[in-house]
Amino acid sequence: MRKLNAFEHRPYGHRPVIVTAEHIHTMDSSYPSAEAFLLIGSEIAAVGSIQECRETAALHGSQEPEIRDFGAATVVPGFIDAHAHPLMYGQMMSWVDCGPAQATTIPEIVALLVQAAEKTPNGLPVRGFGYEHRNLLEGRHPTRHELDAVATDREVYLMNASGHGGVVNSYTLTLNGVTAETPNPQGGEFFRDANGELTGELSDAACNILTGVSGVKIGHHGPNFHLADEPGEHLRQLGLAQESFLSGGVTSIGDAQVSRREFDMYLRLAAENQLKVRVSMYLLSHLLEDALEMGLHGQFGNARLSFAGIKLYADGTLGGWTAYFPDGYVGDPCRTGQLYHEPAAYKALIAKAHAAGLQTATHAQSPTAIEMVIDAIESALVQRPDADARHRIEHCGLPTGEQISRMAHSGIRPVNQPQHYYNWGEGVQQAIGTPGERFNPLGEFIAAGVPVTISSDAPVAEPRPLEAIQAAVTRVTRNGHKLGPDNLCITVAQALAGHTINAATALGREDDLGSLTVGKKADFAVLTGDPLSTAAHEISAITVLQTWIDGTCQFTAEPDSASHESTGTPTLHTVNS
């Protein structure tokens, strides 16, 4: 894998800053903890004792260093969210939250949407998100008839928590000419009841009707999340999303579904110097030919915005019951989900990307879909051996033990989301039975020597790394149920690595990100507590005090938001030589 050369060495003209705190976890195996580290400009210049940092500062100029003393706080490298959808997440922040904290029944969801409709100008769509049908009292999806109570003269769309579909009202179906006789699109479905009538539920490629004639179309290369707004609104949405990531201590993001829409917005933000977080872009596979034609035969960009690779889809989602199980779901034997590509066509895409030196990241959940991915990567590696190709499987929900061993042998990296089983782990068991308790088997990956990478998949889950770390360590769901045996859990240290240095490696950015190491970017998060010494079930209660990128503070929590009062306010003072 050809990694991005992201260093932008700057002259040592900045006043040095020494950062110290009660606990500093570097995530560098050479020195896992330190008393302090030295910032000069955007980079880390020394790690060790305060005295060692002073001596290094003296070598680079006559200015006395400042000290940022964070007292009883804990400092860790900036969290890296290797799989998220920032623009979609920002867009969801302007929709109606119909998640479990807001509604537990279908009438409550309808009431929330009705309130939103009353405040939305006539003609504009009403959009909600976040419901998980198995967590609703009714245990089912709402229907189009129930959403007709929200509006009959404009579109109403309620997105499932999985992001891979949802429910629309009758008006939306009629507007797009969808009837009971309309065939299902490749890679999607218009669901019908026992009488063959449309229920209003749709999945994956069927969501293309929501984009309209001029909307983003990605065909059978993946589900269409790309509902278009005006560019100015998209920029505002991205701005909101960035602030949320920063508040969770996230400094770098892997955008795992970049179409021309996302690419354009990132370039606009970068041009206006408004891109606060680092973004590594994975272009959707329908853009592979465009990428090759432009000569993108490896990572490209700078330390803030870069092209990382190609994103593909093998199957759908477990949450929406569209992951591919050819024998049907236990919860509904008539549902099988779908593959987005025939195996031979998918293998050709992987071979083409790999031959050009491009990293691939494929969404795959079921054992059948994961097998298709592993087989294609193994074949590509035979054609062009590369010990560091670093191909990824996104989510990688239910691999078999044999598949995990093959992943280790081929250097395939899973990118998992523990918050998925925190939010709806019981639903996976209901969907496919007892095997669902192995959903995201992180402990099995570690045992097989496969590095674990943790991410949020925002907006499917909030970008809150400490919540994800707690879920990875405990495997306890939101409802208090333990999902699977203890050998599926990992340690706090392993989970912390999964959201920092391992995530940087998954993005090809370990040379400049992921640990507090001399020469790397000065990206770090200041926490109210130490995850390594906090009770596992309390890790998510730790809050982020500050988030720094390139040696500059980009987020500071409100004074009353810290959950540990003993931390106090970080102080700034000058070292006396």
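The structure presented is a predicted model; accordingly, all values stated were derived computationally and were not measured.

Peer 1: Before we go on, may I ask you to explain helix α3 (residues 106–119) in this structure?
Peer 2: Turn by turn, an α-helix covers 3.6 residues, leaving residues three or four places apart pointing in a common direction. With 14 residues, α3 ought to run about 20 Å at 1.5 Å a step, and its terminal C-alpha atoms sit 20 Å apart, in line with that. Among the residues of α3, Ile106, Ile109, Val110, Leu113, Ala116 and Ala117 are the ones counted as buried. Mapping the buried residues of α3 onto a view down its axis gives an arc of 120°, with all of them on the same face. Facing away from the buried surface of α3 by more than 90 degrees, the exposed residues are Pro107, Glu118 and Lys119. Where the residues of α3 are buried, they touch β8 (96–97), β9 (126–131), α4 (144–147) and β10 (156–160). If you check the start of α3, you find a side-chain oxygen 3.2 Å away from the backbone N of glutamate 108, and it comes from threonine 105.

Peer 1: Can you help me understand the environment of alanine 461 in this one?
Peer 2: Mapped onto the elements of the fold, alanine 461 is located in the loop between β21 (453–454) and α14 (465–474). What makes alanine 461 buried here is its relative accessible area of 4%. On a C-alpha basis, the gap between alanine 461 and proline 418 in space is 9.5 Å, while along the polypeptide they are 43 residues apart. In contact with alanine 461, other than residues within four places in its own chain, are Gln419, Asn423 and Ser456.

Peer 1: Would you mind going over the pattern of salt bridges with me for this structure?
Peer 2: According to the stated counting rule, one finds 26 salt bridges in the structure shown. A salt bridge links aspartate 486 to lysine 482; the nearest nitrogen and oxygen atoms lie 2.5 Å apart. Connected through salt bridges with shared partners, the residues Arg278, Arg304, Asp523 and Asp550 form a single ionic network.

Peer 1: Honestly, the confidence of the model for the chain in this entry has me stumped. Any pointers?
Peer 2: Do not read the predicted coordinates in detail wherever pLDDT is low. This prediction gives the chain a mean pLDDT of 91; 94% of its residues lie at or above 70. Below pLDDT 50 for its whole length, residues 5–12 participates in 18 contacts with residues either more than four positions away or in separate chains.

Peer 1: Sorry if this is basic, but what is going on with the packing of aromatic side chains here?
Peer 2: Think of a pair of aromatic rings as described by two things: how far the centres are apart, and how the planes are tilted against each other in angle. Under the defined criterion, the tally for this structure stands at 9 aromatic pairs. Plain terms: the ring middles of phenylalanine 325 and tyrosine 329 are 5.1 Å apart, the flat faces sit at 70° to each other, and that makes the pair edge-to-face. Judged by relative accessible area, phenylalanine 325 falls into the buried class, the value being 13%. Over the ring of tyrosine 282 we find arginine 392; its NZ or CZ atom is 4.6 Å from the centre of that ring. Taking the ring centre of tyrosine 421 as reference, the NZ or CZ of arginine 475 above it sits at 4.3 Å.

Peer 1: Looking at this structure, I do not really get the state of the cysteines. What am I missing?
Peer 2: Throughout this description, disulfide means a covalent bond between two cysteine sulfur atoms. As enumerated under the stated definition, the model contains 0 disulfides in all. Between cysteine 98, a free cysteine, and cysteine 207, which holds the nearest cysteine sulfur, the sulfur-to-sulfur gap is 16 Å. Looking at cysteine 489, it has no disulfide partner, and the nearest cysteine sulfur is the one in cysteine 396, 18 Å off.

About the thresholds
Residues numbered from 1 in each chain as written. Predicted model: local features only at pLDDT ≥ 70, side-chain atom pairs only at ≥ 80, totals over all residues. Heavy atoms only, no water. Helix = DSSP H or I, 4+ residues; strand = E, 2+ residues; numbered from the N terminus. Expected span 1.5 Å × (residues − 1). Buried < 20%, exposed > 50% of the residue type's maximum accessible area, 1.4 Å probe, protein only. Arc of directions from axis to C-beta. Contact = heavy atoms within 4.5 Å. Polar contact = N/O pair within 3.5 Å; in protein donor to acceptor, adjacent residues only side chain to side chain. Salt bridge = Lys/Arg side-chain N within 4 Å of Asp/Glu carboxyl O. pLDDT = per-residue confidence, 0-100. Phe/Tyr/Trp six-rings, centres within 6.5 Å; stacked < 30°, edge-to-face > 60°. Lys NZ or Arg CZ within 6 Å of the ring centre and 35° of its normal. Disulfide = S-S within 2.5 Å.

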